[in-house]
Each structure stands twice: as C-alpha cells, then as structure tokens.
Amino acid sequence: MMPRVLVTGANRGIGLELARQLKEAGWDVIAACRHRSPEIEGIGVRIEELDVSDDASVRALGERLRGIELDLLINNAGILHDDGLAPLEVDKIRRQFEVNALGPLKVTAALLDNLKAGSKVVIVSSRMGSIGDNTSGGSYGYRMSKAAVNAAGVSLAHDLRERGIIVLIVHPGYVRTELTGGKGLIDPPESARGILALVERAGPEDSGTFRHVNGDRLPW
Ligand SMILES: NC(=O)c1ccc[n+]([C@@H]2O[C@H](COP(=O)([O-])OP(=O)(O)OC[C@H]3O[C@@H](n4cnc5c(N)ncnc54)[C@H](OP(=O)(O)O)[C@@H]3O)[C@@H](O)[C@H]2O)c1
C-alpha cells in the first residue's frame, strides 16, 4: 500500500515542494492549506482546508480524517512577521505564537489517532528558534514561537516514543520563498529533498533532535 502523508502549508513554498516530491515518489499526499493555489491543484493530490491557528478548523480536519492512517505528518505552515522592541509589537508576536508554536502542536494532537507505530512527525522549525545560536537578537515573535515549538517537539518525542512514533525538528535551510522575501541560499526543491532525506533515515534515536537540513545537530 502507498504510504500516506499530510503536509500543512502545502499551497506554496517549502510545503508545496514537499507535496510535489512526495507525490512523485509515490506517496498518497494530503495537502492541507488555508487557500488552494493553482500550483497545488496542478499536482493532483487531495486538498484539505486547514488554518492551523483556528481551533475549529483543526478539529474539523481531525474529524474529516478519522480512520485514515498517516505514515508521515509534516507540520510546515509558518509565518514570519518582522517585529521589534521599540515599539514592542505584541499582536504580531501573539500571531506568530498561534501559528508557529500552537499550530503544529494542535494539528499533531488532533491527528494522534491517525498515527501508528513507525509513523513520523516533522516539525519545520527554524534555527532562529535556537537560543544557543542567537547572536543577533530581534525577531521576538519568530524566535520565541520557534523556540516554543521546539519545546513542544521534545515533549511530543517523549510522549509518543512508547507508541513507536518518531518526532523530528528540522531547520529547512535559508530558503528563497515568500517568507524570506525571496532571499535565501537555496530554493524549495533542495530544501524539500533534504528534509525528506532526513525523514527517511531517521530512527528512534533521532526522535526529539533538532537538525539542520544538512543533518547537523543544532543547539537548543
Ligand atoms: N524560508 C526559509 O528560509 C525558512 C527558514 C527557516 C524556517 N522556515 C520555516 O519553513 C516553513 C515554511 O516556510 P516557507 O519558507 O515555505 O514560507 P512561505 O512560502 O511563506 O509558506 C508558508 C506556508 O505556511 C502557510 N500558512 C501560514 N499561516 C497559516 C495558517 N494559519 N494556517 C495554515 N497555513 C498557514 C502559508 O499558507 P497561506 O498561503 O495560506 O498563507 C504557506 O503555505 C515555515 O514554518 C517557516 O517558518 C523557513
């Protein structure tokens, strides 16, 4: 049987590319997104509406997918708002928390029954969430929300270990997408290839680790 994956934020950027490559590799792909795009429609996969910041939307997705097994869940949806200290932009910080930190945790919790022994959960985080790697400051909401989702990823790894589910926390590289305003060192296809290579070789010993897409361990 075809392995099945659900990717959040699959209408553009890294998520779109993950969906495309997984489909090409023979996976049954469920592309979850707020808005359909011609690109995701062109791939020919099942599309499910999902706003990860909306509790009812997450709950409804869980209900629609009841009984459908997932071999892989990729929590990719995320936002970056540039927020500073003076003035402190609390609303922007809160919004990034809702999407980047609570989003992956809520989606994973809503789909727990869809996961089975051997399933893998990926959290597309960012090295901007690394406290040890923070040498430049700023980006309060993004850094805090990604540090928080890293904490959630470690707890998920512990809580799901007994069920044989592996949780990976991944920095996708500096990728040219809308999120970065087109800046970056690599394009989405290279990032997606790297993420999928990491996922493929991940074993139980890798669960709860924070990895650069090149495989290196990142500091918390
Ligand atoms: N690009 C980089 O250099 C880089 C570096 C480190 C980490 N990351 C992480 O990689 C992930 C993907 O980012 P990207 O670079 O591919 O950015 P992107 O092109 O801006 O794509 C972001 C995706 O997230 C979706 N999204 C945003 N808010 C959502 C919500 N509330 N519910 C559901 N989907 C939502 C967007 O959908 P809409 O079209 O509906 O907005 C879009 O599909 C993010 O988690 C980001 O933090 C990226």
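So, here's what we can say about the structure. Starting afresh in each chain, residues are numbered from 1 along the sequence in its written order. Under the rules for a predicted model, residues below a pLDDT of 70 receive no local features and side-chain atom pairs below 80 are neither given nor counted, while totals for whole chains, interfaces and linings still include all residues. Where side-chain values are given, they derive from all heavy atoms of the structure, hydrogens and water being excluded.

All right, on to the overall build of the protein chain then. Going along the chain from the N terminus, every DSSP run of H or I of four or more residues is numbered as a helix, and every run of E of two or more is numbered as a strand. Each helix and strand in the protein chain was counted, giving six helices and seven strands. Mapped in sequence order, the helices and strands of the protein chain form the string β-α-β-α-β-α-β-α-β-α-β-α-β. The C-alpha atoms of the protein chain give a radius of gyration of 16 Å, which matches the 17 Å a tight globule of 220 residues would have. Across its three principal directions, the C-alpha atoms of the protein chain cover 55 × 40 × 35 Å. Any residue under 20% of the maximum accessible area for its type is buried, any over 50% is exposed, and the rest in between are partly exposed; the area is computed with a 1.4 Å probe on protein chains only. Across the 220 residues that make up the protein chain, the buried fraction comes to 51%. The contact rule is simple, with two residues in contact once any of their heavy atoms fall within 4.5 Å. Taking the intrachain contacts of the protein chain between residues at least 6 apart in sequence as the baseline, contacts between residues at least 24 apart amount to 64%. C-alpha atoms define the radius of gyration in this analysis, and the globule rule sets the expected value at 2.2 Å times the number of residues to the power 0.38.

Within this document, salt bridges are pairs made up of a side-chain nitrogen of Lys or Arg and a carboxyl oxygen of Asp or Glu, the two lying within 4 Å of each other. Taken as a whole and assessed by the stated rule, the structure comprises 14 salt bridges. With a shortest N-O distance of 3.5 Å, R94 and D91 are connected by a salt bridge. Here R94 pairs with D91, and both are found in helix 4 (residues 90-110), just three residues apart, close to one helical turn. Like R94, the residue D91 is exposed in the burial classification. Between D187 and R176 there is a salt bridge whose closest N-O contact spans 3.1 Å. Remark: R176 occurs in the loop between strand 6 (166-171) and helix 6 (188-201) and D187 occurs in the loop between strand 6 and helix 6; sequence separation between them is eleven residues.

Nearness is judged by heavy atoms alone; a residue qualifies as near a molecule or strand once a single heavy atom is within 4 Å of it. In the vicinity of the ligand lie 31 residues, with N11, R34, Y142, V175 and T177 positioned nearest. Pairs of N or O atoms are called polar contacts if they sit within 3.5 Å, as long as, within protein, a hydrogen donor faces a hydrogen acceptor (for residues adjacent in sequence, only side-chain-to-side-chain pairs). At 2.4 Å, a side-chain N or O of N11 approaches an oxygen atom of the ligand. Interatomic distance of 2.6 Å between a side-chain N/O atom of R34 and an oxygen atom of the ligand. Per-residue and other accessible areas were derived by the Shrake-Rupley procedure at a 1.4 Å probe size, with only the shown protein chains allowed to occlude residues. Here the ligand loses 96% of its free accessible area of 890 Å² to cover by the protein chains. Of all the elements in the fold, those that place two or more residues in the shell around the ligand are helix 1 (13-24), helix 4 and helix 5 (140-161). Classifying every residue of the shell around the ligand by side-chain character gives twelve nonpolar, 13 polar and six charged. Gly is put with the polar residues, along with every residue not named as nonpolar or charged; the nonpolar set is Ala, Val, Leu, Ile, Met, Phe, Trp, Tyr, Cys and Pro, and the charged set is Asp, Glu, Lys and Arg.

Sheet strands pair by backbone hydrogen bonding; their relative direction is either parallel or antiparallel. Ordered in space as 3-2-1-4-5-6-7, the seven strands form an open sheet in which the pairing is parallel. Each edge of the open sheet carries a strand with a single partner, namely strand 3 (46-49) and strand 7 (209-212). For this sheet the average axis-to-axis angle between neighbouring strands, irrespective of direction, equals 20°. Axis angles are defined between N-to-C directions and span 0 to 180 degrees, where every axis is a line fitted to C-alpha atoms and, for a helix, only to the segment in contact. Helix-sheet contacts for helix 6 involve strand 4 (70-75), strand 5 (115-124), strand 6 and strand 7, and the interaxial angle to strand 6 is about 155°. Note: two strands are recorded as paired if DSSP finds a minimum of 2 bridges between them.

Moving on: the packing of helix 4 against helix 5. Two elements in contact, helix 4 and helix 5, have axes separated by 7 Å at closest approach and are oriented at 15°. Classified by the angle their axes make, helix 4 and helix 5 are roughly parallel. As for the relative orientation of helix 4 and helix 5, their crossing is right-handed in sense. Across the interface between the two elements, I93, Q96, F97, N100, A101, P104, L105 and T108 of helix 4 pack against Y140, G141, Y142, M144, S145, K146, A148, V149, A152 and L156 of helix 5. Partitioned by chemical class, the residues of the contact of helix 4 with helix 5 number twelve nonpolar, five polar and one charged. If an angle is under 35 degrees, it is roughly parallel; if it is over 145, roughly antiparallel; if it lies from 65 to 115, roughly perpendicular; otherwise it is oblique. Here a crossing is taken to be left-handed if its near helix is turned anticlockwise relative to the far helix by less than a right angle, and right-handed if that turn runs clockwise.

On their own, these measurements won't tell you what the molecule is for.
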